[in-house]
Amino acid sequence: MHLEACEGGRVRYACVTPFTTAVKAASPLLMTSPTVGVLRSPGFWESLVERYAARFAARPSKVKTYRELLASGAMEEASAAYADGRLVLAPPRRLLINRSGGRRKTVYLFPPREDLFLKGVNHALQLMPALHSPLCHSFQRGRGVRSAYAAIRQVADLDHLSCLHVDVRDYFASIPVGRLLESLPLRLAQDEALLKLLQEMLSDDSRGVLAGTPLAPLLSNLYLRPLDDLFESSHVPYLRYADDLILFDKAESILSHHDAIAKLLLELGLEINARKLRLSSPGAAWEFLGLRNDHGLVDLATTTLSKMHHRVRRLSRRAQGRRDPARYVIRRLNRKLFGIGADTSAFTWATWFFPLINSDVGLRRLDHVVQEQLRFAVTRRHERRNRGAMPYAQLAARGYLPLVTAFRAYRRGPGDYEWVLDRRVGG
């Protein structure tokens, strides 16, 4: 057993790797299914659940359910059925999630047994080496927004190159399942148990790869591998995070790259999201993964500021009429921004952005918006006298921590950052 840090988190967690492929009883598909060997290896499910429990301590009910599944023998039975080609998954539930701008996102949620089993399959697949392109930075252990920006910083003469930023329209829901299964890497295509599982799970082509379910991120990574390979062979500075990709080249070459991307996406049954397409001239600022780069000055992107603004406004309106509206909003913001009261390794806004930005201009703008909305939640009006009705000292007493203060503490070091959180927020 060893400790390994997950990018973006402040807490280390224990995971057991690699899993042995030894099994007690051979199955008909074992010799052609590497995933069967992993799923039926001794201690696999116990280790997986304990790893989940360590990372998501704030979800005791789900951890309890997973442990009950282990105690009942359900996961061993599911693994045996998977090996024999008999596994039948209960259908997922469809959920609509509100997004900024009034848009809604469709995600799917499997029942606990299916959810845990698919998490196990995903873990088994992630153990396989070289499944992903080195130019893809999404949904992989040790990779993410930090590794993406580290790669960008290695681009020579970056400020003298034009930038093309492309997003794929409705990507997860638009992936044609038939083409996806036909394009799987040979190791996966020859895994008969896995292939049968995917064929049955993704039988409704209109739902794509079922966004929100455990295998969707990995499958989405794999489907755009031809695009990664195209630019890897051309040596054009390019990288991708899920369906969000960026490349840099001379101004006269950018349009040809756009056309090549559009053509390949069309062959894959996909299309460019014209609303998010961005072309920046040499030396101009560009935005990627929620950040804005302007000659090496990295700050929050316009979309990041807008999303947080909308979130705070929704919270302030929802808080009206509660006994302590300001405290209601502050607690929920602290959970989102700093992970206070959330899972120990869950995504937090601060641990995503603080390691990458070197400017606090955007943070100061957000702090102004947050304080304005906190006072509006209390007074139900937008007036200058709101400051007198809810002074800063009262906000601080309720646990409010300005983003600029937290960021400056983060820059000084982890000790100062943790101290500020404990002192001001009570984490």
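Overview of the structure. (Residues numbered from 1 in each chain as written. Predicted model: local features only at pLDDT ≥ 70, side-chain atom pairs only at ≥ 80, totals over all residues. Heavy atoms only, no water.)

## Looking at the packing of helix H14 (residues 302-319) against helix H17 (residues 361-379)
Next up, step 1: Two elements in contact, H14 and H17, have axes whose closest approach is 9 Å; the angle formed by their N-to-C orientations is 15°. Judged by the inter-axis angle, H14 sits roughly parallel to H17. H14 and H17 meet at a crossing whose hand is right-handed. In this structure, H14 contributes Leu-305, Met-308, His-309, Val-312, Arg-313, Ser-316, Arg-317 and Ala-319 to the contact, and H17 contributes Gly-362, Arg-365, Leu-366, Val-369, Val-370, Gln-373, Phe-376 and Ala-377.
Next up, step 2: Residue classes in the contact of H14 with H17 are distributed as nine nonpolar, four polar and three charged. (Axes fitted to C-alpha atoms, helices over the stretch in contact; angles between N-to-C directions. Helix = DSSP H or I, 4+ residues; strand = E, 2+ residues; numbered from the N terminus. Parallel < 35°, antiparallel > 145°, perpendicular 65-115°, else oblique. Left-handed = near helix turned anticlockwise from the far one by under 90°. Contact = heavy atoms within 4.5 Å. Nonpolar A, V, L, I, M, F, W, Y, C, P; charged D, E, K, R; others polar.)

## Topic: the pairing of strand E5 (residues 162-167)
Next up, step 1: A large share of E5 lies buried, amounting to six of its six residues.
Next up, step 2: Of the pairings in the sheet, the one linking E5 to strand E7 (residues 244-249) comprises six bridges and is antiparallel in character. Bridge assignment links His-165 to a residue of E7, and that residue is Ile-246.
Next up, step 3: Relative to strand E8 (residues 278-280), E5 runs antiparallel, the two sharing three bridges. Bridged to Cys-163 within E8 is Ser-280. (Buried < 20%, exposed > 50% of the residue type's maximum accessible area, 1.4 Å probe, protein only. Pairing = 2+ DSSP bridges.)

## Thoughts on the packing of aromatic side chains
Next up, step 1: The final tally for this structure, using the stated rule, is 19 aromatic pairs.
Next up, step 2: Here Phe-354 and Tyr-417 contribute two aromatic rings whose centre-to-centre distance is 6.3 Å and whose plane-to-plane angle is 75°, an arrangement assigned as edge-to-face. With a gap of 63 residues between them, Phe-354 in the loop between helix H16 (349-353) and H17 and Tyr-417 in helix H21 (residues 414-425) connect regions that are remote in the sequence. We note that Phe-354, like Tyr-417, is buried.
Next up, step 3: Arranged with centres 6.1 Å apart and planes meeting at 80°, the rings of Tyr-392 and Tyr-400 form a pair that is edge-to-face.
Next up, step 4: Residue Tyr-392 is classed as partly exposed on the basis of its relative accessible area of 34%.
Next up, step 5: Taken together, the aromatic side chains of Phe-139, Tyr-241, Trp-349, Trp-352, Phe-353, Phe-354, Phe-407, Tyr-410 and Tyr-417 make up a single cluster linked through ring pairs. (Phe/Tyr/Trp six-rings, centres within 6.5 Å; stacked < 30°, edge-to-face > 60°.)

## So, the sheet that holds E7
Next up, step 1: Pairing in this open sheet of four strands is antiparallel, and the strands run E6-E7-E5-E8 from one edge to the other. The sheet is open, and its two edges are formed by strand E6 (238-241) and E8, each paired on a single side. Each strand of the sheet is rotated relative to its neighbour by a mean of 10°, with strand direction disregarded.
Next up, step 2: Sheet contacts for helix H12 (residues 225-234): E6 and E7; angle to E6, the most-contacted strand, approximately 160°.

Remember, this is a structural readout, not a statement about activity or role.
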